[in-house]
Amino acid sequence: SWRRIRIADEREIASIFQSGRRLKSQDFTVVYRRTHAPSTRYGVLVSRRLGHAVIRNRIKRRCREIVRQPDMQYGAYDILILPQRTTVDLQPTALRERLHTMLDRLS
């Protein structure tokens, strides 16, 4: 379930921003760090610049649905996903592919 793999605590998010490494593409910025946790945990942060609440919530829902899938376990990482403006117009399958491509670059 999403609750188990979710990063929600503000201090934890701030800490990941501070100590994490970054990957950028036109569609996403990903901030990540290694952990000792048994599985990958995710946070999805959507900026107000992407659009009004309905649009932001749709992007968050789609991203959460993608990371909930079993093939999205990348090991002991905390990962913050920051969708960029280009993701607003993407179909869910394209969004999934691009996020996969992005996360396959984790080192």
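You'll find the structure just up there.
It should be emphasised that the depicted structure is a prediction, and the values quoted were computed from it without experimental measurement.

## Examining the pattern of salt bridges
The tally for this structure, following the rule as stated, stands at 7 salt bridges. The closest approach of N and O atoms between R33 and D78, which form a salt bridge, is 3.7 Å. With a gap of 45 residues between them, R33 in strand β2 (residues 28-34) and D78 in strand β4 (residues 77-83) connect regions that are remote in the sequence. Exposure class is identical for R33 and D78. Each is buried. Shared partners join several salt bridges into a network, and the residues in it are E12, R33, R41 and D78.

## Some thoughts on helix α3 (residues 92-103)
Between the first and last C-alpha of α3 there are 16 Å, a value that for 12 residues agrees with the 16 Å anticipated at 1.5 Å per step. All of the buried residues along α3 are L95, L99, H100, M102 and L103. The arc enclosing the buried residues of α3, seen along the axis, measures out at 160°, which places them on a common side. Exposed and oriented more than 90 degrees from the buried face of α3 are T93, E97 and T101. Its buried side turned inward, α3 meets β1 (21-24), β2, β3 (41-44), α2 (53-67) and β4.

## Remarks on the environment of F17
Residue position: F17 is located in helix α1 (residues 10-19). For the pair F17 and I59, spaced 42 residues apart in sequence, the C-alpha to C-alpha distance is 21 Å. Those residues within four positions of F17 in sequence are excluded, and the remaining contacts are R22, V31, L45, L80 and L82.

## Brief notes about the nonpolar core
Counting residues in hydrophobic clusters, the biggest one holds 26 residues, and the most contacted among them are Y42 and I79. Looking at this core, the elements that each hand over two or more residues are β2, β3, α2, β4 and α3. No other element matches α2, which puts 5 residues into this core. Here I79 is in contact with I7, V30, V31, Y32, T40, R41, Y42, G43, L103 and L106, once residues within four sequence places are set aside. Counting 6 residues, the second largest nonpolar core, distinct from the first, contains I7, I13, I16 and L80.

Thresholds applied
Residues numbered from 1 in each chain as written. Predicted model: local features only at pLDDT ≥ 70, side-chain atom pairs only at ≥ 80, totals over all residues. Heavy atoms only, no water. Salt bridge = Lys/Arg side-chain N within 4 Å of Asp/Glu carboxyl O. Helix = DSSP H or I, 4+ residues; strand = E, 2+ residues; numbered from the N terminus. Buried < 20%, exposed > 50% of the residue type's maximum accessible area, 1.4 Å probe, protein only. Expected span 1.5 Å × (residues − 1). Arc of directions from axis to C-beta. Contact = heavy atoms within 4.5 Å. Core = buried A, V, L, I, M, F, W, Y, C linked by side-chain atoms within 4.5 Å.

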